[in-house]
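The primary structure of each chain is shown beneath.
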Amino acid sequence: MVSLLVASTPCESQDERPGRIEVISGADLQTVLAVYNGSEAGDEFGAAAGSDTLPGGSPAPERDWLVGAPGAQTSSGRVWAVRARDGQRLFSVDGDLLGGELERFGHQVAALGHVDGRQFTDWAIAAPASVDSEAAPTVVALTDVGGALGEAYRLEGPPGSLFGWRVINLFEDLDGDGNFEFLVTSPRESNGNKSAAGALRIFSSKTGRRLYTVRGEEAGDNLGYSVGPVRDQDGDGARDLLVGAPGDGSKDRPGHVVILSSRNGAVLGRLNAPAKALHFGFALRLILADLDGDGREDWIVGAPGYRKARGAAYAISSSSLEPLQRIRGRRKNQQLGVGFKGLAVNRDLDGDGLNEVNVNSLLAKPKQPLKDQLGRTAIYSLGARSVLQSRDGKESFDRLGDGGTGSAADFDGDGSFDPLLAIPARPLAYVPAQ
Ligand SMILES: [Ca+2]
Ligand SMILES: [Ca+2]
Ligand SMILES: [Ca+2]
Ligand SMILES: [Ca+2]
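Residues numbered from 1 in each chain as written. Chains lettered and ligands numbered in written order. Predicted model: local features only at pLDDT ≥ 70, side-chain atom pairs only at ≥ 80, totals over all residues.

Peer 1: Even after reading the chapter, I still don't get the overall build of the protein chain, so can you show me in this structure?
Peer 2: The number of helices and strands found in the protein chain is one helix and 27 strands. Its C-alpha atoms give the protein chain principal-axis dimensions of roughly 55 × 50 × 45 Å. Here the protein chain, with 434 residues, has 56% of them falling under the buried criterion. (Helix = DSSP H or I, 4+ residues; strand = E, 2+ residues; numbered from the N terminus. Buried ≥ 20, exposed ≤ 12 C-beta atoms within 10 Å, placed from the backbone.)

Following this line, the structure appears as structure tokens:
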């Protein structure tokens, strides 16, 4: 069993800081153009972020951010609407004002489009609670956010299942009602007597009706810990899904990834963990680069438990499903592969014809203790097989690269939107285990 650093419940201490989001220049990916801080200690401001048009916000084509602060103690979690160009708070929605026993409201945010047909965008907001909580994990569909706020429906999962761990818009209309569907994962949900097998469900965004469910097969699979859309794999015209089941860190259950048809949840393929790649599937994403020249963009999958938690990331061919490249962490406990969110996806910085990918580690500089979870986000060239630049967290629990990302406005006037980098400033909420 690899002992990945575990903090099962975010701890409270006197030196807690509010989270923050930073806007980084898209031109050099280094200059900090703006810093917007959370409002209360430990609020995890930036744990999630979505960009869309918000009432009172920036002029088109710019957008604004809905930023989750699930740790906000005074409100059981909160989401903030932040005007991108100047950081002005437009409005907030508090979890405890919506009724029910919502916990960690704002852990995920996903724009749903216009479910109710009224003026402003509708959102799915997750309140997954925590592993040891008796509160029912909930996803709330809020309509006309920033206008005449309403609630379309709410979806609940079993206590401790972390229903709402990941919530993403599918950008496919499966039931033909004119609105895209969305998915919700619950990586700690039991499948019969198999604990923490995990599950994924697709819901109609208009009605909240469940279209289908896919469950992890074995105890400790933690299916749904990570999920990402990919190009159409089965040729039915709808994009499909990669779903991570990173296992429990044991050699018997090192993790795997399933490829699902988004239309009906049929399993199209499976990626098994390469040797020693524990927690394979902890993070994953479409690379937006075609490494093997077969005309199809490929994927990257993280295994932060690889070799005494040095961690590894595997670039995988989306046609042969074979690993094309392995990127390894250099130091024990570096945990490379904990995430692939950051600043540089969909850009080719070194001109090798391949877009770069962000590869995140939990450990930053060698002298920083692992427990600090500073985080490092490195921009990695898959052509040159080297790090082009990297950025380390500076203070405890920065977890750089683990929060929300997105681009909403052009801050430095160079004609392109500048990316957001979130710094939630609290320990990892949950590491998959049995
Ligand atoms: Ca639909
Ligand atoms: Ca498909
Ligand atoms: Ca390819
Ligand atoms: Ca490149």
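Peer 1: How should the sheet that holds strand β9 (residues 138-143) be read in this particular structure?
Peer 2: Strand order across the open sheet formed by four strands is β7-β8-β9-β10, with antiparallel pairing between neighbours. At either margin of the open sheet sits one strand with a lone partner, and together these are β7 (108-113) and β10 (150-156). In this sheet, neighbouring strand axes are inclined to one another by 20° on average, regardless of whether the strands run parallel or antiparallel. Pairing analysis gives six bridges linking β9 to β10, with the strands arranged antiparallel. Following the sheet pairing, Ala-141 is matched in β10 by Tyr-153. (Pairing = 2+ DSSP bridges. Axes fitted to C-alpha atoms, helices over the stretch in contact; angles between N-to-C directions.)

Peer 1: So what exactly am I meant to see when it comes to the pairing of strand β18 (residues 267-272) here?
Peer 2: If a strand is regular, its side chains alternate between the two faces of the sheet. Two elements, strand β17 (residues 256-260) and β18, share five bridges in a ladder whose sense is antiparallel. If you follow Val-258 over to β18, its bridge partner there is Arg-270.

Peer 1: I keep staring at the environment of Leu-33 and nothing clicks. Help me out?
Peer 2: Tracing the chain through its elements places Leu-33 in strand β2 (residues 32-37). For Leu-33, a count of 15 C-beta atoms within 10 Å corresponds to the partly exposed category. In this structure, the C-alpha to C-alpha distance between Leu-33 and Ala-49, residues 16 residues apart in sequence, is 18 Å. With near-sequence residues (within four places) excluded, Leu-33 lies in contact with Val-23, Ile-24, Ser-25, Phe-411, Asp-412 and Asp-418. (Contact = placed C-beta atoms within 7 Å.)

Peer 1: I would appreciate a short explanation of the nonpolar core in the present structure.
Peer 2: General note: in soluble globular proteins, nonpolar side chains tend to be found buried as a group. In terms of nonpolar packing, the biggest core is built from 118 residues, with Val-67, Trp-123, Val-243, Ile-300 and Val-301 touching the most fellow members. The residues contacting Val-243, other than those within four sequence positions of it, are Leu-200, Leu-223, Gly-224, Val-227, Val-257, Val-258 and Leu-260. (Core = buried A, V, L, I, M, F, W, Y, C linked by C-beta atoms within 7 Å.)

Peer 1: When you look at the confidence of the model for the protein chain in this model, what are you seeing that I'm missing?
Peer 2: When pLDDT drops low, the exact placement of atoms in the prediction is not to be read closely. Looking at the protein chain as a whole, the pLDDT averages 91, with 96% of positions reaching at least 70. Note that residues 1-11 has pLDDT below 50 and, in this model, 29 contacts with residues that lie over four places away or in other chains. (pLDDT = per-residue confidence, 0-100.)

Peer 1: Mind showing me how you'd approach the sheet that holds strand β21 (residues 312-316) here?
Peer 2: Pairing between the strands of a sheet comes from backbone hydrogen bonds, and it takes one of two forms, parallel or antiparallel. Taken in spatial order, the four strands of this open sheet run β19-β20-β21-β22, and their pairing is antiparallel. Each edge of the open sheet is held by one strand with a lone partner, namely β19 (283-286) and β22 (323-328). Each adjacent strand pair in this sheet contributes to an overall mean axis angle of 15°, direction not counted. Inspection of the sheet shows β21 paired to β22 by five bridges, in the antiparallel sense. Residue pairing in the sheet places Ile-316 in a bridge with Pro-323 of β22.

Peer 1: Teacher, can you tell me more about unusual backbone geometry here?
Peer 2: Glycine aside, the phi torsion of most residues is negative, and most peptide linkages are trans. Ala-60 connects to Pro-61 through a cis peptide bond whose omega is 10°. In this fold, Pro-61 is placed in the loop between β3 (48-52) and β4 (64-69). A positive phi is found at Lys-276, a non-glycine position, where the angle reads about 70°. With respect to the element layout, Lys-276 can be found in the loop between β18 and β19. A count of 16 C-beta atoms within 10 Å places Lys-276 in the partly exposed class.

Peer 1: Explain the environment of Asp-175 here, please?
Peer 2: Along the chain, the position of Asp-175 falls in the loop between β11 (167-169) and β12 (182-186). Sequence-distant contacts of Asp-175, that is, excluding residues within four places in its chain, are made with Ser-204 and Leu-211.

Peer 1: Mind showing me how you'd approach the environment of Gly-403 here?
Peer 2: Summarising the element assignment, Gly-403 is placed in the loop between β25 (386-392) and β26 (405-409). A count of 28 C-beta atoms within 10 Å places Gly-403 in the buried class. Not counting the four nearest positions on each side in its chain, Gly-403 is found in contact with Gly-46, Ala-47, Ala-422, Ile-423 and Pro-424.

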